[in-house]
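A structural walkthrough
Residue-level listing of the chains:
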2 protein chains.
Amino acid sequence: MPKKIILALAALAVSASALNAAHAQQALKPEQAIKYRQAAYSYISWNMSRIKNNVEGANYNKSEVIQAASAISAIANSGMGALYIPGSEKDAGGVKTFVKPEFFSKPQEVARLAQNFTKEAAELARVAASGDAAAVKAQHGKLGGTCKACHDDFKVRN
Amino acid sequence: MPKKIILALAALAVSASALNAAHAQQALKPEQAIKYRQAAYSYISWNMSRIKNNVEGANYNKSEVIQAASAISAIANSGMGALYIPGSEKDAGGVKTFVKPEFFSKPQEVARLAQNFTKEAAELARVAASGDAAAVKAQHGKLGGTCKACHDDFKVRN
């Protein structure tokens, strides 16, 4: 086989591989992205309520609070920004989104709010390890404030 | 005020507080429990696919894999068992569940599968930190096997 053709085939193989990789990365549909980010917020919500029950209830379960805070922090730090792909700024494939259009036009404000959220979530996980219920209660409130700040600006009331 | 009445009021206050705590704990409805556990599995699924993209694609993004593996592990270790409450073994409040009834009658088998899942998820997070793509690929497969083992036995095909 002439060297030129071999090289051309090799180049084709490389670009096919790159294409496969790119395809794998882009395989996420807007409706999937919306579902996944809503799943993340939903699971965070349950874990926030578990911590609330612990700091407001009669019994404080240190290990449950640690588990819940770790889940929140790991999700918050998991790179959820990747789920706000083009096409996911509006309802897609029958899946409703509650994000406001401004979310996509104010990246700096979004980044600031997201950073506050991940920072306070990491701090809650740190405080949870101490088992200090009063400190956890205060930090839980602080983290909840970062949720609310973003909802106020970028979530459609539902 | 007579001492007897004071004591009775104090006892009432204590039981009201215990009741509030118990109420807070039991406030979870079966349909909420189903939604929250599905949210957890959904978010795990996205993160499994992100890791798959990394180990199969042309570029390996170490920090993305660490973030994804950490989220999976923290969710797996978050005490999801608490979401399999009475009433959640069947569809509830318009929310469909895919759990088989056997899940609730074979706690030992479920515990064994759940332990395998959390163990391999923790191991994936550990391996991810090394940045060794081949090791991550192998451990990703191993973790996926624990997902499948439970689906085979306890998930209705959908």
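Predicted model only: the values in this text are computed from it and were never measured.

Rules and cut-offs
- Residues numbered from 1 in each chain as written.
- Chains lettered and ligands numbered in written order.
- Predicted model: local features only at pLDDT ≥ 70, side-chain atom pairs only at ≥ 80, totals over all residues.
- Heavy atoms only, no water.
- Helix = DSSP H or I, 4+ residues; strand = E, 2+ residues; numbered from the N terminus.
- Buried < 20%, exposed > 50% of the residue type's maximum accessible area, 1.4 Å probe, protein only.
- Least-squares fit on C-alpha atoms with pLDDT ≥ 70 in both.
- Contact = heavy atoms within 4.5 Å.
- Axes fitted to C-alpha atoms, helices over the stretch in contact; angles between N-to-C directions.
- Left-handed = near helix turned anticlockwise from the far one by under 90°.
- Nonpolar A, V, L, I, M, F, W, Y, C, P; charged D, E, K, R; others polar.
- Salt bridge = Lys/Arg side-chain N within 4 Å of Asp/Glu carboxyl O.
- Buried area = accessible area lost by both parts, 1.4 Å probe.
- Phe/Tyr/Trp six-rings, centres within 6.5 Å; stacked < 30°, edge-to-face > 60°.
- Core = buried A, V, L, I, M, F, W, Y, C linked by side-chain atoms within 4.5 Å.
- Expected span 1.5 Å × (residues − 1).

On to the overall build of chain A. Scanning chain A for helices and strands turns up six helices and zero strands. The buried share of chain A, taken over its 158 residues, is 35%.

Below, the discussion takes up the relation of the copies chain B and chain A. When chain B is fitted to chain A, the best match, at an RMSD of 0.0 Å, comes from turning it 180° and sliding it 0.0 Å along the axis. A rotation of that kind, with that shift, is consistent with a two-fold axis. Within chain B, the C-alpha atom positioned nearest to the axis of rotation is that of B:A39, 2.1 Å from it. Both copies share a contact surface, since 100% of the interface residues of chain B are interface residues in chain A too.

The next thing to look at is the packing of helix α2 (residues 30–56) of chain A against helix α6 (residues 133–154) of chain A. Residues and elements named next belong to chain A. Between α2 and α6, whose axes approach to 10 Å, the crossing angle comes to 145°. In this structure, α2 crosses over α6, and the sense of that crossing is left-handed. On the side of α2, the interface is formed by M48, I51, K52 and V55, while α6 contributes A133, V136, K137, H140, L143 and G144. When grouped by side-chain class, the residues that make up the contact of α2 with α6 number six nonpolar, two polar and two charged.

Next up on the list: the pattern of salt bridges. All names here are of chain B. Considering all chains together, one arrives at 12 salt bridges over all chains under this definition. Residue E120 pairs with K119 through a salt bridge whose shortest N-O separation is 3.1 Å. Ionic pairing is found between K148 and D152, a salt bridge with its closest N-O pair at 2.8 Å. Separated by four residues within a single helix, K148 and D152 lie in helix α6 (residues 133–154), roughly one turn from each other.

With that settled, the discussion passes to the interface of chain B and chain A. Taken together, the 27 residues of chain B in the interface contact 27 residues of chain A. Between chain B and chain A lies a buried interface of about 2,300 Å² when both sides are counted; carbon and sulfur atoms form 59% of it. Across the chain B-chain A interface, the total number found is zero salt bridges. Looking at the side of chain B that touches chain A, the elements with two or more residues in it are α1 (3–26), α2 (30–56) and α3 (62–76) of chain B. The biggest single contributor to the side of chain B that touches chain A is α2(B), with 10 residues.

What follows is about the packing of aromatic side chains. All names here are of chain A. One pass over the full model with this rule turns up 12 aromatic pairs over all chains. Their ring planes at 65° and their centres at 5.3 Å tell us that F103 and F104 sit as a pair that is edge-to-face. Residue F103 is classed as buried on the basis of its relative accessible area of 13%. Ring geometry for F103 against F154: centres 5.8 Å apart, planes inclined by 90°, an arrangement best described as edge-to-face.

Inspection of the secondary structure assignment puts B:A114 in helix α5 (residues 107–130). Remark: the alpha-carbon pair of B:A114 and B:C150, spanning 36 residues in sequence, is separated by 8.0 Å.

Time to look at the nonpolar core. In this structure, A:Y43, A:I51, A:I75, B:Y43, B:I51 and B:I75 are the most contacted members of the largest nonpolar core, which totals 56 residues. Elements that contribute at least two residues to this core include exactly α2, α3 (62–76), α5 (107–130) and α6 of chain A together with α2, α3, α5 and α6 of chain B. If sequence neighbours within four positions are ignored, A:I51 has contacts with A:V65, A:A68, A:A69, A:I72, A:L124, A:V136 and A:H140.

Here we take up α5(B). Residues and elements named next belong to chain B. An ideal rise of 1.5 Å per residue puts 34 Å on 24 residues; α5 measures up with 35 Å between its terminal C-alpha atoms. Among all positions in α5, only V110, L113, F117, T118, E120, A121, L124, V127 and A128 are buried. Buried residues belonging to α5 abut α2, α3, α4 (102–105) and α6. Trailing α5 by a residue or two, G131 shows a phi angle of about 75°, which is positive.

Another aspect to go through is the side chain of B:S73. Residues and elements named next belong to chain B. If you trace the backbone, S73 turns up in helix α3. A relative accessible area of 11% means that S73 is categorised as buried. Every residue in contact with S73, bar those within four places of it in the chain, is listed here: A121, A122 and A125.

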